[in-house]
Amino acid sequence: MSRKTAVVSLGHDALGYTTGAQRDAVKVTAGALADLVEEDYQLTITHSNGPQVSMIHKAMTELHRVYIDYTPAPMCVCSAMSQGYVGYDIQNALRSELLSRGIPKSVSTILTQVTVDPYDEAFYEPTKVIGRYMAKEDAETEIKKGNYVREYPGKGYRRVVAAPKPIDIVEIEAIRTLAEADQVVIACGGGGIPVIEQQHVLKGASAVIEKDAIAGKLAADLNCDELIILTGVECVYRNYGSENQTPVTAMTVAEAKAEINQGQFEAGTMLPKIEAAIAYLEKVKKGRVLITSMKKVRDAVKGRAGTVITQ
Ligand SMILES: Nc1ncnc2c1ncn2[C@@H]1O[C@H](COP(=O)(O)OP(=O)(O)O)[C@@H](O)[C@H]1O
Ligand SMILES: NC(=O)OP(=O)(O)O
């Protein structure tokens with residue numbers, strides 16, 4: 001068995017939505033990740049942060065209401081906090097899981113910044129939904145602060161933020177060095193902290209980068225053998241959610257593009273995963289993308305489950 005390199009992208013199921021749920025969820029997640037290490041993968045892990053970054057942002061804003069001298073933290077700082085908080089839980093859970101299997105391996109989190117274009121059209125039309133539903137009066141308060149919300153009839157309102165396209169991963173050489181040393185690295189969490197480069201200064205941007213987009217870029221930049229996207233479904237489906245839903249076991253890039261044109265993948269959930277897969281495969285011109293659940297990943301890497309996308 002020869003060692004393979006992979007970027008693994010973790011979604012909401014892997015982390016839960018609250019601090020307690022995350023502590024429990026990462027134990028299960030660590031099991032799936034350790035299975036991959038046992039299958040001789042070097043892993044670079046990236047993850048969601050929508051629920052976490054919005055929880056932190058809310059907490060920092062509430063703190064300011066009580067202690068007036070505590071200024072609310074901007075979204076980029078909350079993003080940095082979410083990387084530390086999620087990375088801390090994953091790295092400890094995975095370290096313990098690996099040790100319990102007799103695999104003493106270093107697991108570390110790299111605080112990662114990602115440059116974005118200040119003129120990215122996403123800043124003019126925010127579309128990325130984060131956080132919980134809120135009541136109308138809280139939504140009105142957000143609007144007064146200059147923030148954007150989206151109404152979900154019958155359910156309430158949710159924050160929407162800009163999701164600019166990732167340009168460069170600032171700490172890519174540090175990530176590469178650890179990956180090449182066969183260590184487990186957690187990087188670009190929550191899409192990376194979005195920053196705008198002004199001469200030699202990096203300025204945090206009020207945005208959240210799509211984690212699927214950065215997963216594809218990270219896998220391409222590291223020239224990985226595989227991109228493994230772990231999510232809430234066992235595979236990609238055609239006609240998802242309808243009576244004639246059928247699993248897609250394999251797709252080429254050309255077929256994936258045709259399915260996109262037919263509107264098979266929902267914006268904001270499956271579509272960014274397929275787009276990330278295409279971006280990665282078109283850049284590296286080798287390798288494969290697996291889309292599956294944590295439960296099925298060990299079968300998926302052996303070709304017995306999930307959806308595989310190739311050139
Ligand atoms: N064609 C499709 N096949 C499978 N799942 C789909 C499809 N279109 C939309 N989805 C939805 O995409 C979800 C996964 O995306 P998302 O909820 O963003 O997860 P994550 O947090 O893991 O990124 C699935 O749980 C499913 O509800
Ligand atoms: N940053 C990001 O895409 O997080 P979610 O997957 O939680 O939306």
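Here, every reference points to the structure presented above.
This one's a predicted model, so the numbers in the text were calculated from it and none came from an experiment.

A.B. asks: Would you take a moment to explain the site of ligand 1 for this structure?
C.D. replies: The environment of ligand 1 is made up of 16 residues, and the closest members are His12, Lys211, Thr231, Tyr237 and Lys273. Measuring from a nitrogen atom of ligand 1, one finds a backbone N or O atom of Tyr237 at 2.9 Å. Compared with its free state, where it exposes 570 Å², ligand 1 has 85% of that area covered by protein. Here the residues of the shell around ligand 1 are counted per class, giving 7 nonpolar, 6 polar and 3 charged.

A.B. asks: Please explain the sheet that holds strand E5 (residues 128–134) as it appears in this structure.
C.D. replies: Backbone hydrogen bonds are what pair the strands of a sheet, in a parallel or an antiparallel way. With respect to topology, 3 strands assemble into an open sheet ordered E5-E7-E6, the strand pairing being antiparallel. The sheet terminates laterally at E5 and strand E6 (148–152), the two strands that pair on one side only. When strand polarity is set aside, the average angle formed by the axes of neighbouring strands in this sheet is 35°. Across 4 bridges, E5 lies against strand E7 (residues 156–161) in antiparallel orientation. Following the sheet pairing, Val129 is matched in E7 by Val160. Running over the sheet, helix H5 (residues 136–144) touches E5, E6 and E7 and is turned about 140° from E5.

A.B. asks: Would you explain the site of ligand 2 in this entry?
C.D. replies: Contacts to ligand 2 come from His12, Ser48, Asn49, Gly50, Pro51, Lys128, Gly190, Val208, Ile209, Glu210 and Lys211. Between ligand 2 and Gly50 there is a distance of 2.7 Å, counted from an oxygen atom to a backbone nitrogen or oxygen. Lys128 is positioned such that a nitrogen or oxygen atom in its side chain is 2.7 Å from an oxygen atom of ligand 2. Protein chains bury 96% of the 260 Å² of accessible surface belonging to ligand 2 in isolation. Partitioning the shell around ligand 2 into residue classes produces 3 nonpolar, 5 polar and 3 charged.

A.B. asks: I tried to follow the pattern of salt bridges on my own but got confused; where do I start?
C.D. replies: For the coordinates displayed, the defined rule picks out 23 salt bridges. Note that Lys283 is salt-bridged to Asp221, the shortest N-O span being 3.9 Å. Here Lys283 is found in helix H9 (residues 271–284), whereas its partner Asp221 is found in helix H7 (residues 211–221), with 62 residues between them in sequence. Arg238 is the salt-bridge partner of Glu259, the closest N and O atoms lying 2.7 Å from each other. Taken together, the positions of Glu259 in helix H8 (residues 253–261) and Arg238 in strand E12 (residues 236–238) put the pair 21 residues apart, joining distant regions of the chain. Its relative accessible area of 9% is what places Glu259 among the buried residues. Relative accessible area serves as the criterion here: at 29%, Arg238 is assigned to the partly exposed category.

A.B. asks: I would appreciate a short explanation of the side chain of Thr112 in the present structure.
C.D. replies: By secondary structure assignment, the location of Thr112 is in the loop between strand E3 (107–110) and strand E4 (113–115). Classification of Thr112 as buried rests on a relative accessible area of 0%. Leave out the neighbours within four places in its chain, and Thr112 touches Gln83, Ile169, Glu171, Ile175, Ala187, Cys188, Gly192 and Ile193.

A.B. asks: Would you mind showing me how to read the nonpolar core here?
C.D. replies: Buried together is how nonpolar side chains tend to be arranged in soluble globular proteins. Ranked by internal contacts, the top residues of the largest apolar core, which has 42 residues, are Ile175, Ile274 and Val289. Of all the secondary-structure elements, those providing two or more residues to this core are helix H6 (172–180), strand E8 (184–187), H7, strand E11 (226–230), E12, H8, H9 and strand E15 (288–292). Examining the composition of this core, we find that 7 residues originate from one element, H9, more than from any other. Core analysis: the second largest hydrophobic core is formed by 39 residues, Leu15, Ile90, Ile103 and Ile130 among them.

A.B. asks: How should the environment of Gly191 be read in this particular structure?
C.D. replies: Here Gly191 lies in the loop between E8 and strand E9 (193–198). On a C-alpha basis, the gap between Gly191 and Thr19 in space is 20 Å, while along the polypeptide they are 172 residues apart.

Thresholds, definitions, all that
Residues numbered from 1 in each chain as written. Chains lettered and ligands numbered in written order. Predicted model: local features only at pLDDT ≥ 70, side-chain atom pairs only at ≥ 80, totals over all residues. Heavy atoms only, no water. Near = heavy atom within 4 Å. Polar contact = N/O pair within 3.5 Å; in protein donor to acceptor, adjacent residues only side chain to side chain. Areas by Shrake-Rupley, 256 points an atom, 1.4 Å probe, with all protein chains shown as cover. Nonpolar A, V, L, I, M, F, W, Y, C, P; charged D, E, K, R; others polar. Pairing = 2+ DSSP bridges. Helix = DSSP H or I, 4+ residues; strand = E, 2+ residues; numbered from the N terminus. Axes fitted to C-alpha atoms, helices over the stretch in contact; angles between N-to-C directions. Contact = heavy atoms within 4.5 Å. Salt bridge = Lys/Arg side-chain N within 4 Å of Asp/Glu carboxyl O. Buried < 20%, exposed > 50% of the residue type's maximum accessible area, 1.4 Å probe, protein only. Core = buried A, V, L, I, M, F, W, Y, C linked by side-chain atoms within 4.5 Å.

Geometry only, nothing functional implied.
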